[in-house]
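Each chain, written out:
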Amino acid sequence: MNFAVVWRNLPYLLQGLGVTLQTAALVILGGTVFGVALGVVRTSRIPLLRQVAIAYIEAIRGTPLLVVLFVVYFGLPPIIGYKFTAYQASVIGFILFIGAYIVEDYRSGLASVPRGQIEAGLASGLTVGQVLCCITLPQAIRRMIPTLFNQFVRLLKFTSVASVIGVTELTGAALAVNAREFQPIEIILTLAVSYFVVCYALSLVGRWLNTRYAIQT
Amino acid sequence: MAYQFDWSVLWQYRGMLLQGFSYTLGLSLIGLCGAIAVGVIVGTGGTSARRWLRAACGGYVEVCRNIPLLVHMYFWYLGLSALKLPSFWCAILALAIYSGAYVAEVVRAGIQSVPRGQEAAGLASGLTRRQALLYIVYPQALRMVAPSMAGIFSQLIKDSSLASVISVAELTFQAGAIEGITFRTFEAYIGISVAYLLIVTTISQTTLFMFHRRATDVGDRF
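Keep in mind that this is a model prediction, so the values were computed, not measured.

1. Describing the environment of A:Asn9
Residues and elements named next belong to chain A. Looking at the secondary structure, you find Asn9 in the loop between helix H1 (4–8) and helix H2 (10–42). On the basis of neighbour counts, which here come to 21 C-beta atoms within 10 Å, the residue Asn9 falls in the buried class. Along the sequence, Asn9 and Phe182 sit 173 residues apart, while their C-alpha atoms lie 13 Å from each other.

This is how it looks when you write it as structure tokens:
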């Protein structure tokens, strides 16, 4: 084993890591917001909208990520008449995908707050909005931290799939280096270690937040 | 919206899709068995009284869970290309090792959810440790964790689509091939999504039916 190949190509690989982290950050932001939007639509008063949201969530959750990416990158352009770049398509695909999972986490987080507290809040004269932002959300968000961070770590790993549609993120960069130098063991091991470090760090942040903001009882 | 949908391509290339379907099914089922084997061993090790064994199993889980499945696949397919493993078995190894880590966490949680007194009672009444695990702890743990297992299983089936990247001719790969011939991208991928939905629902519902239903029986009896 000779890891000189990694040092030689370090700038290129680091650039790939940058793209991976940037994608993940964009998707975490976008997915969190899209999850809220989906949740709002799913609890809407209009039955048709509700049904559409439920159908969307179920369909996405039953579809592999790779297929979602392919649909966005290859399938949509002829229909909507606009061609995304591979990077745009991957970010959009990831957001569409992860939103359907995040919305379920929101639901279980909100459902974990006992109904009695909401009723007590309403009975003591708070408005629905006040109950939501002062009673339900502070507790629900804390309970959501572990599942949300699991989701974020999952997403960080998923960004590797973007290499399949030609985005030069970390995996794409490593594969390109391998195609040039053909030292697969060294390169794949480096790739694995890099992902491990990044993902483990993110899950440690989640654990820390979870203990820091745990609900004291 | 000038796009004209043409769903007939799915029927026209049904042979390819069927072949892909059988590969996906094979990947999922063998991968599933592998993941369960890995998961039960590592998960049980995670509840061991021996500290080094617990640490080793915990390390395995953390390492395998924090590396993308795609990298697992490339590891066997590219990294160890000197071994010349067929791509199908590379995908199986990757799926079993990666998903095994998730199964292990669930198994560990399941075992820990069984009251310690149960195992102690088994040991006290003369069972060996292995018998106590096999006849007392596992059956109860299994029923407890059935829903999370169903989730992991459906995840594994969807993850098997990544095998197309290392050129296993499963569903996603075939959809790509059909797309290459007909340019009917949307139809091909929506078609296979439905197939995935079918497999995922069947396997996760079966898991729930087989194990979770009995959980309520146990609850009724005690």
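2. As for the nonpolar core
Buried together is how nonpolar side chains tend to be arranged in soluble globular proteins. A:Leu69 and B:Met73 are the most contacted members of the largest nonpolar core, which has 121 residues in total. Residue contributions to this core peak at 15 residues, all from helix H5 (residues 87–113) of chain B. A:Leu69 has contacts with A:Ala89, A:Ser90, A:Gly93, A:Val161 and A:Ile165, leaving out every residue within four places of it along the chain.

3. Quick word on the packing of helix H2 (residues 14–45) of chain B against helix H8 (residues 171–182) of chain B
Residue and element names in this part refer to chain B. At a closest axis distance of 7 Å, the pairing of H2 and H8 adopts a crossing angle of 160°. When the axis of H2 is compared with that of H8, the two are roughly antiparallel. Crossing angle aside, the handedness with which H2 passes H8 is right-handed. Contact residues: Met16, Leu17, Gln19, Gly20, Phe21 and Thr24 in H2; Leu171, Phe173, Gln174, Ala177 and Ile178 in H8. In terms of residue class, the contact of H2 with H8 is built from seven nonpolar, four polar and no charged.

4. So, the packing of helix H3 (residues 47–61) of chain A against helix H5 (residues 86–111) of chain A
All names here are of chain A. In the contact formed by H3 and H5, the axes pass within 9 Å of each other and the chain directions differ by 110°. Accordingly, the angle class assigned to the pair H3 and H5 is roughly perpendicular. Of the two elements, H3 crosses H5, and the hand of that crossing is left-handed. Residues Tyr56, Ile57, Ile60 and Arg61 of H3 touch H5, and the partners they reach there are Leu96, Phe97, Ala100, Tyr101 and Val103. Taken together, the residues of the contact of H3 with H5 sort by class into eight nonpolar, no polar and one charged.

5. Thoughts on unusual backbone geometry
You will see that A:Phe182, though not glycine, has its phi angle at about 40°, which is positive. Tracing the backbone through its elements, the reader meets A:Phe182 in the loop between helix H8 (170–181) and helix H9 (184–212). For A:Phe182, a count of 11 C-beta atoms within 10 Å corresponds to the exposed category. With a phi angle near 65°, B:Phe183 is a residue other than glycine that sits in the positive phi range.

6. A few points about H9(A)
Helix length check: H9(A) (29 residues) gives 41 Å between terminal C-alpha atoms against 42 Å at 1.5 Å per residue, within 8%. Residues of H9(A) that are buried: A:Ile187, A:Ile188, A:Thr190, A:Leu191, A:Ala192, A:Ser194, A:Tyr195, A:Val198 and A:Cys199. Of the surrounding elements, those touching the buried residues of H9(A) are H1, H2, helix H7 (128–158) and H8 of chain A together with helix H4 (69–79) of chain B.

7. Concerning the interface of chain A and chain B
Contacts between the two partners involve 27 residues from chain A, matched on the other side by 29 residues from chain B. Of all elements in the fold, only helix H4 (65–80), H8 and H9 of chain A reach the threshold of two or more residues within the side of chain A that touches chain B. Ranked by residues supplied to the side of chain A that touches chain B, first place goes to H9(A) with ten residues. For the side of chain A that touches chain B, the residue count by class is 20 nonpolar, six polar and one charged.

Conventions we followed
- Residues numbered from 1 in each chain as written.
- Chains lettered and ligands numbered in written order.
- Predicted model: local features only at pLDDT ≥ 70, side-chain atom pairs only at ≥ 80, totals over all residues.
- Helix = DSSP H or I, 4+ residues; strand = E, 2+ residues; numbered from the N terminus.
- Buried ≥ 20, exposed ≤ 12 C-beta atoms within 10 Å, placed from the backbone.
- Core = buried A, V, L, I, M, F, W, Y, C linked by C-beta atoms within 7 Å.
- Contact = placed C-beta atoms within 7 Å.
- Axes fitted to C-alpha atoms, helices over the stretch in contact; angles between N-to-C directions.
- Parallel < 35°, antiparallel > 145°, perpendicular 65-115°, else oblique.
- Left-handed = near helix turned anticlockwise from the far one by under 90°.
- Nonpolar A, V, L, I, M, F, W, Y, C, P; charged D, E, K, R; others polar.
- Expected span 1.5 Å × (residues − 1).

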